[in-house]
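As a plain string of letters, each chain reads:
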Amino acid sequence: MATGRITRIRAGWVVGYAEGDHRLFERGEVVYQGDRVLYIGHDYRGAVDEEISAPDALVGPGFVDLDALGDLDTTVLGFDNQPGWQKGRVVAADWPRRDLLSREQLDFNKLYAYTHLLLNGITSALPITSILYREWAEDLDEYLHAAEVAESLGLRMWLGPAFMSGHNVVETNGTIGARFNEKRGLQGLDDAVTFAQEIRARGNPLLSAALTPDRIEGCTEGLLQALSQAVNELHCPTRLHCCQSELEVNEIAARFGGRSSLQVLEDFGLLHQHMLLPHGQFLGGKDPTTQSIGQDIARLASSGASLVACPLVSGRHAKYMEQYSALRQAKINIALGTDTFPPDMVTNMHLGTVLSRVVSGNVAAASAADYYRMATIGGADALGRPDLGRLCAGAQADIIFYDLSQPAIGQVFDPITAMVINGNGRDVSHVIVAGEKVLWDRQLVKRQIDLDQLHRQAQKQLGELMQTYPERSFRHPPVEAIFRPSFEVVRRSV
């Protein structure tokens, strides 16, 4: 039973939950006590200790981000600097791998990224960081610190260091190859299991363990076997990027007897309800047919695994789930991830709706409500947490306020649609996690941070990181050849 102060929020609109779906309460109320919701609706009759009035807000459940950026975003550097394999997105084979970021810089990146999650109304997150700048992957101490950062901000997080047994390289002749070290992959998995045990021992309800192997093509058979055993023992969410790229499906087919990525997961006992699979874009294997794509969709549907769509980052790379309509028809759970900067769920909902209509050729294929469900219910269900992603009696009091009063939001004919097509994450004004105010009037509550200084430091670190690209890029071009300006730059003469 919930204990503590009882708070009532009165809002212009409240997104409640009943009978399996969201519903809108005009001039509605949310009442919570401690970390639990007591009541959703109108005219609560019980006693309250605190009243919060938000007549111009849409109040709803916090967003759930299952591919949340956990560091500075370098994918943005490739937006107009292509092809990526020539510009450092795949490391040169002759690069002696080393850590390009200090531990202090890695720690700062997490503070910067996690802060922006809250600023965008993300209350539950499973972060991802890049391994492109690492001697190998991530380590235990790094994520023990990440847990402290999340705890200091009041975020609800699923955490675990990334591990891999191999990675791609650009060979000296310009072809894509791979380098494997299964021993290091297995050690990374052991560290991830140790981390999971330590997080569970802390007993903080806001911190949970996840297993986060980097991507399927970076896994050897031995690592997949060991991962399957670890998931069965820990029963924790496990995120594995697959069906993500043409490079991946070709490599998986070559190494695993022509099988598709999902078929490999199924064969290793890794296709089940604990699996979270970004990005779901290349189904059916190397040479997909209608039959092989249908078989992959059937595998997903029967397994209980969830796809994690990341519309913004996918759209930037000219790809999205062509089988969106078939996946929805098969009732496969789809959650959302941001996977880039900004970690803006609202923009991802808008773009996801648009891209789904484009790839299906059907204006009715997706709606704002569909993507709002993915950002809330879909993510919560993928985590096995029916007390998240919705506001109803007994649910966690993870609540965000979305400001509908700004002229830029336009005319509000429906609050969800208005938010999705006219808004963005910067319109989130207040955030509550487990009944605690963590962002109020766009200011962090639990940890005082100078956001301007945070921004300046991030700019400095990204600039320093850009200078390392020549050493790890194919044929080591100068940095000016890797990152070209949009237009000719005319600089002031001294």
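Residues numbered from 1 in each chain as written. Predicted model: local features only at pLDDT ≥ 70, side-chain atom pairs only at ≥ 80, totals over all residues. Heavy atoms only, no water.

An unreviewed UniProt entry lists the protein chain under the name Ethylammeline chlorohydrolase, with Ewingella americana given as the organism. Here the protein chain is described in UniProt, under the heading Sequence similarities (unreviewed entry), as follows: "Belongs to the metallo-dependent hydrolases superfamily. ATZ/TRZ family." (UniProt positions renumbered as here; feature names shortened; annotations may be inferred.)

Chemist: Before we go on, may I ask you to explain the pairing of strand 10 (residues 166-170) in this structure?
Modeler: Within a regular strand, side chains alternate between the sheet's two faces. With 5 of its 5 residues buried, strand 10 lies for the most part within the structure. Covered by surrounding structure in strand 10 are Gly166, Asn168 and Val170 together with His167 and Val169, the residues of both alternating faces. As judged from the 2 bridges shared by strand 6 (residues 91-92) and strand 10, these two strands associate in the parallel manner. Residue pairing across strands places Ala92 opposite Val170, the latter belonging to strand 10. Hairpin connection from strand 10 to strand 11 (residues 176-180): 5 residues lie between these consecutive antiparallel strands, with Gly174 at a positive phi of about 90°. (Buried < 20%, exposed > 50% of the residue type's maximum accessible area, 1.4 Å probe, protein only. Helix = DSSP H or I, 4+ residues; strand = E, 2+ residues; numbered from the N terminus. Pairing = 2+ DSSP bridges.)

Chemist: When you look at the sheet that holds strand 10 in this model, what are you seeing that I'm missing?
Modeler: In any sheet, the strands associate via hydrogen bonds between backbone groups, in a parallel or an antiparallel arrangement. Judged by pairing direction, the sheet is mixed, and its 3 strands sit side by side in the order 6-10-11 without closing on themselves. Two strands close off the open sheet at either side, each with one partner strand: strand 6 and strand 11. Each of strand 10 and strand 11 touches helix 5 (residues 246-255); the most contacted strand, strand 11, lies at about 60° to it. (Contact = heavy atoms within 4.5 Å. Axes fitted to C-alpha atoms, helices over the stretch in contact; angles between N-to-C directions.)

Chemist: Is there a simple way to explain the domain arrangement of the protein chain in this structure?
Modeler: Interface size is commonly expressed as the accessible area that is lost once the parts come together. When its domains are assigned, the protein chain resolves into domain 1 (1-60 + 396-449) and domain 2 (63-388). For domain 1 and domain 2, the distance between their C-alpha centroids amounts to 29 Å. Facing the 31 residues of domain 1 at the interface are 30 residues of domain 2. Between domain 1 and domain 2, a total of about 2500 Å² is buried, with carbon and sulfur atoms accounting for 66% of that surface. (Domains from an automatic or database assignment. Buried area = accessible area lost by both parts, 1.4 Å probe.)

Chemist: Can you walk me through empty space enclosed by the protein in this structure?
Modeler: A probe as big as a water molecule, rolled over the atoms, marks out the empty space that is left. Under the definition given, this model contains 5 cavities of 30 Å³ or more. One number sums up the size of the largest cavity: a volume of about 80 Å³. Lining the largest cavity are Pro127, Ile128, Thr129, Glu138, Tyr143, Gly160, Ala162, Thr212, Pro213, Asp214, Arg239 and His241. Counting residues per element, the ones that place at least two in the lining of the largest cavity are strand 7 (122-128) and strand 13 (212-213). The residue makeup of the lining of the largest cavity, split by class, is 5 nonpolar, 4 polar and 3 charged. (1 Å grid on protein atoms, 1.4 Å probe; cavity = no way out; pocket = protein on both sides within 12 Å on 5 of 7 lines; lining within 4 Å. Points joined across faces, edges and corners; volume = space filled by probe spheres on them. Nonpolar A, V, L, I, M, F, W, Y, C, P; charged D, E, K, R; others polar.)

Chemist: Would you mind going over the nonpolar core with me for this structure?
Modeler: Inside soluble globular proteins, nonpolar side chains tend to come together where they are buried. Ranked by internal contacts, the top residues of the largest apolar core, which has 116 residues, are Tyr114, Leu277 and Met349. With 9 residues, helix 1 (residues 103-119) is the single largest residue contributor to this core. The residue makeup of this core includes at least three contributed by each of domain 1 (1-60 + 396-449) and domain 2 (63-388). Not counting residues within four places of it along the chain, the set of residues in contact with Leu277 comprises Leu240, Cys242, Leu262, Leu265, Leu271, Leu300, Ala305, Ser306, Leu307 and Val308. Residues Ala54, Val59, Ala397 and Ile432 belong to the second largest nonpolar core, which totals 17 residues. (Core = buried A, V, L, I, M, F, W, Y, C linked by side-chain atoms within 4.5 Å.)

Chemist: I tried to follow the packing of helix 10 (residues 345-360) against helix 12 (residues 415-422) on my own but got confused; where do I start?
Modeler: Helix-helix packing is characterised by the crossing angle of the two axes and by the distance between the axes. Close contact between helix 10 and helix 12 brings their axes to 7 Å; oriented N to C, the two are set at 95°. The angle between helix 10 and helix 12 falls in the class roughly perpendicular. Mapping the contact onto sequence places Val346, Met349 and His350 in helix 10 and Met419, Val420 and Ile421 in helix 12. Tallied by class, residues from the contact of helix 10 with helix 12 come to 5 nonpolar, 1 polar and no charged. (Parallel < 35°, antiparallel > 145°, perpendicular 65-115°, else oblique.)

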